[in-house]
Amino acid sequence: MGREVGIVGVGQTHHARRRTDVSQAGLVREAVDRALADAKLSMEDIDTVVIATGPVLFAAVNQPEKWVVDAIGAQGKSVVRLTSGGGAGFAGALAGYYQVAGGYSDRTLVVAYDKLSEGQLQYSISTLYDPFWGREFAVGIMGFSAAYWRARMDVLGHTEEAAAMVAAKNRNNAIKNPYAHQKKPVTVEDVLNSKPLCWPIKMLDVPPISDGAAAIVLASDKVAHHSNTRPAWIRGMAYCCEADNAPERSLMLSEPLAIASKHVYRAAGITNPRRQFDVVEVQEPYSCFELNYYESLGLCPPGQAAELIASGATQVDGDIPVNPSGGCMGANPIGAVGVIRLIEAATQVMGRNETHQIQGAKTALVQSGGGWANLRGCAVLSA
Amino acid sequence: MFYAPETAPIDLPTFKSTIAMPYTLTPGRSAGTFLAEMPNRRIVGSRFAGGKVIAPAQDFSPVNGDEPEELVQVPENGELTAFTRVDGVVIGLVRLDGCENAFAHRILADLADCKVGQRVAAQWASEDAGTSITAIEGFVLSPDAPVGEVKPLVGPAEPLGVINYSMALDYDHAYGPYYGRMFDELKENGVVMGVRGSNADDALLPPREIDDITHKRTGTWKACADTGTIRACSLINMEVYGQTRPVPYAYAEIVLDGASTKMIHIIEIDDLESAKQTIKPGTRVRAIWTKGERKGAVSDIERFEVIEA
């Protein structure tokens, strides 16, 4: 068993459709300065650094960590860069967690970012496809995600209305989030009537494209109190993957997420997720994803996600609020999102979320991942 | 004892693929000002605490990450600190007077005349090179170039916010024995072939050496039909960079008869509303082969179409 690890400092940029005032490195610097200040630390106090981003094709700079190291003053430190598609930020945080839990570092800085305004998002994602076998027909992740959402409609009842409720909930929640950049009130009808992009995915089921960075400082129980009297302790964290085109793989339920949550719940002593969690933050690159997470995370049985969103339970004033921050619908700098979700959950259990605090939140669930179902992780945080 | 296995590389044709796309990169304030000042023939550096100057200007000190106190105009003269010749062009590292660092640029001289420590001077391009570092054509050897001084940057230009850039990367992918035979069969015989799972009759497509579920060796080769069933589909109505056909059309993941895994292809549609009714998971489809000589690629199938009940 490793050491206890807490999140003791957090920082993120004001995300935007396009930040022309800073380079990639400058964007990272903003988030790092804020996280270090929040943890009452300077770079000298940091033992190791993890830098996480999406695919380099997003912004055309290979090995960007070399550039970032100069910009954050991390010369001479142990630095690794980690990438794992949409789940890059979460995977980076997991790597940092292992370093501290394993006793190799007392304080690890994890910074994650993407500057998506610079490149061609869906085309870049299409290059994940097999160049021999299907890339020429790929429409990024959107065509693929829409296809399997369509398949889930018939099997699991994930209707267009249910997904529209998710989109409206998260978009309206984002209005209060000072770091979000898409903040417009939206109704379920607005979502249903928006332009089909890759039907059943419609314009308002889709988050914005964003430039943004987010950073956290992880600390061992030995030194956490120097930064924070009430850290957000990581009670369990896992990230799993599955095969891409194997037989017997239905892609209806996300098996990796079910496996990850089983490990994490056991570590954190969670036996009834619906009752034990006070707040949930998930990475929903399209609204239909959130329905699937309800099921794979055990917030409801398979096939009942549409009922759960319709019941209002996952609204800010429901018994299991999901994405009070607005999730990806407020801002979606893809590589950073896993860390942003951790920051949102951490500030909730620390009781210091200034704009959308869930009163009395003590235990939070975080989900993040990449691809439609391939890479999925979750973590439990509590004060 | 270590034995080398009795295999050796064989040269075979490759599959050519290109990833190409445009970018809009963000230089940040310092580099953005440096570039914006190029048409004005001023070289901009950044001065950090303690007076150290870096040119071209940078937003963060390469020494400790500090942000610059101010942007400055640096001299056009300096010193050659290293050089080489690439494709007939001499490339050198130049440290401008008063600066801490050296940066790479063309040296407009014969290699034989270059010496480390030699004085050099910027030569501006006679033609308009715009907001690019190539507005400096290169550096000429200039033994008598006076030692310049770093000056305040008076009335700096607005930094560039965005720089247009593009990248095209060519790849030669090796087919390997399994993809090699699959595309050979496609080209020579017009048949889509997979390999049976380790203990199943249905074929894995594309073929592979190891069964993903049992982790055992896959079985014998099997021809799949050119008909199949849609497993998942979406109706593409969005124009994105790199798309090869006009919208709308259907993106479909199809399990061919005789196969256990999907192949990705497209189905033509007339309009979204009717396609929602006719193209669904479970819909039966057939391949429409591309006319003319087959190339041995997935594009030998032009598209799929719905089999009318």
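Residues numbered from 1 in each chain as written. Chains lettered and ligands numbered in written order. Predicted model: local features only at pLDDT ≥ 70, side-chain atom pairs only at ≥ 80, totals over all residues.

*Asks:* Help me understand the sheet that holds strand E12 (residues 192-196) of chain B, please; the structure alone is not making it clear to me.
*Replies:* Residue and element names in this part refer to chain B. As summarised here, the arrangement of the 3 strands in space is E13-E12-E14, forming an open sheet in which the pairing is antiparallel. Bordering the open sheet on either side are strand E13 (203-204) and strand E14 (221-224), each of which pairs with just one other strand. Of the strand pairs in this sheet, E12 and E13 are connected by 2 bridges, and their pairing is antiparallel. Each bridged residue has a counterpart across the sheet, and for Arg196 the counterpart in E13 is Ala203. (Pairing = 2+ DSSP bridges. Helix = DSSP H or I, 4+ residues; strand = E, 2+ residues; numbered from the N terminus.)

*Asks:* Would you take a moment to explain the interface of chain B and chain A for this structure?
*Replies:* Accessible area lost during the coming together of the parts is what is often quoted as the interface size. Contacts between chain B and chain A engage 53 residues on the former and 46 residues on the latter. At the level of elements, strand E1 (14-25), strand E11 (163-174), strand E15 (227-236), strand E16 (249-256), strand E17 (263-268) and helix H3 (272-278) of chain B are the ones that each hand at least two residues to the side of chain B that touches chain A. Residue contributions to the side of chain B that touches chain A peak at 7 residues, all from E1 of chain B. Residues belonging to the side of chain B that touches chain A are distributed by class as follows: 28 nonpolar, 17 polar and 8 charged. Pairing analysis gives 2 bridges linking strand E5 (residues 196-199) of chain A to E15 of chain B, with the strands arranged antiparallel. From the neighbouring strand, Trp199 of chain A faces E15 of chain B, where its bridge partner is Leu235 of chain B. (Contact = placed C-beta atoms within 7 Å. Nonpolar A, V, L, I, M, F, W, Y, C, P; charged D, E, K, R; others polar.)

*Asks:* Is there a simple way to explain unusual backbone geometry in this structure?
*Replies:* Glycine aside, the phi torsion of most residues is negative, and most peptide linkages are trans. With an omega dihedral of -5°, the bond running from Ala55 of chain B to Pro56 of chain B counts as a cis peptide bond. Residue placement: Pro56 of chain B occurs in the loop between strand E3 (53-54) and strand E4 (70-74). With omega at -10°, the peptide bond leading from Leu205 of chain B into Pro206 of chain B counts as cis. Along the polypeptide, Pro206 of chain B turns up in the loop between E13 and E14. Phi at Gln63 of chain A takes a positive value of approximately 45°, unusual for a residue other than glycine.

*Asks:* What exactly am I supposed to notice about the domain arrangement of chain A here?
*Replies:* All names here are of chain A. Examined at the domain level, chain A breaks down into domain 1 (5-121 + 209-227) and domain 2 (232-382). With centres defined by C-alpha atoms, the gap from domain 1 to domain 2 works out at 21 Å. Opposite the 34 residues of domain 1 that make contact, domain 2 presents 27 residues. Here the side of domain 1 that touches domain 2 gets 8 residues from one element, more than from any other, and that element is helix H3 (residues 88-101). Of the residues assigned to the side of domain 1 that touches domain 2, the class counts are 19 nonpolar, 13 polar and 2 charged. (Domains from an automatic or database assignment.)

*Asks:* What is the right way to read the packing of H3 of chain A against helix H13 (residues 334-350) of chain A from this model?
*Replies:* Packed helix pairs are characterised by how far apart their axes lie and by the angle those axes make with each other. All names here are of chain A. H13 packs onto H3 with a crossing angle of 60° between their chain directions and a minimal axis gap of 5 Å. The angle between the axes of H3 and H13 places the two elements in the oblique class. Judged by residue contacts, Ala88, Gly89, Phe90, Ala91, Gly92 and Ala93 of H3 engage Gly335, Ala336, Val337, Gly338, Val339 and Leu342 from H13. Residue composition of the contact of H3 with H13, by class: 8 nonpolar, 4 polar and no charged. (Axes fitted to C-alpha atoms, helices over the stretch in contact; angles between N-to-C directions. Parallel < 35°, antiparallel > 145°, perpendicular 65-115°, else oblique.)

*Asks:* Any chance you could explain the nonpolar core here in plain terms?
*Replies:* Side chains that are nonpolar tend, in soluble globular proteins, to be buried together. By size, the foremost hydrophobic cluster in this structure holds 172 residues, and its most contacted members are Val28, Val110, Val111, Ala215, Ile216 and Val339 of chain A. Broken down by element, the residue count for this core peaks at 11 residues, all from H13 of chain A. Beyond its immediate chain neighbours, meaning those up to four positions away, Val28 of chain A contacts Val68, Ala71, Ile72, Val111, Tyr113 and Ala213 of chain A. With 26 residues, the next largest nonpolar core counts Ala31, Phe34, Leu71 and Leu80 of chain B among its residues. (Core = buried A, V, L, I, M, F, W, Y, C linked by C-beta atoms within 7 Å. Buried ≥ 20, exposed ≤ 12 C-beta atoms within 10 Å, placed from the backbone.)

*Asks:* Looking at this model, I keep getting lost on the environment of Ile358 of chain A. Mind explaining?
*Replies:* Residues and elements named next belong to chain A. Inspection of the secondary structure assignment puts Ile358 in the loop between H13 and strand E10 (363-370). Since 18 C-beta atoms lie within 10 Å of it, Ile358 is described here as partly exposed. Remark: the alpha-carbon pair of Ile358 and Val279, spanning 79 residues in sequence, is separated by 7.2 Å. Beyond its immediate chain neighbours, meaning those up to four positions away, Ile358 contacts Asp278, Val279, Pro321, Pro324 and Gln348.

*Asks:* Can you help me understand the sheet that holds strand E7 (residues 211-220) of chain A in this one?
*Replies:* Backbone-to-backbone hydrogen bonds join strands into a sheet, with any given pair of strands oriented parallel or antiparallel. Residue and element names in this part refer to chain A. The strand order across the open sheet formed by 9 strands is E3-E2-E4-E7-E1-E8-E11-E10-E9, and the pairing between neighbours is mixed. The open sheet is flanked by strand E3 (78-82) and strand E9 (279-281), the only strands paired with a single partner. With direction set aside, neighbouring strand axes in the sheet form an average angle of 25°. Two strands pair when backbone bridges link them, and E9 and E10 are joined in this way by 3 bridges, in the parallel orientation. Paired with Val280 across the strands is Leu365, a residue of E10. Each of strand E1 (5-12), strand E4 (107-115) and E7 is contacted by helix H1 (residues 24-38), which is oriented at about 130° to E1, the strand it contacts most.

*Asks:* What should I look at first to understand the packing of H1 of chain A against helix H2 (residues 65-72) of chain A in this one?
*Replies:* Residues and elements named next belong to chain A. Packing of H1 against H2 leaves a shortest axis separation of 9 Å and a crossing angle of 50°. Classed by the angle they form, the pair H1 and H2 counts as oblique. Read as a crossing pair, H1 and H2 show a hand that is right-handed. The residues of H2 that touch H1, namely those facing Gln24, Ala25, Gly26, Val28, Arg29 and Val32, are Trp67, Val68, Ala71 and Ile72. (Left-handed = near helix turned anticlockwise from the far one by under 90°.)

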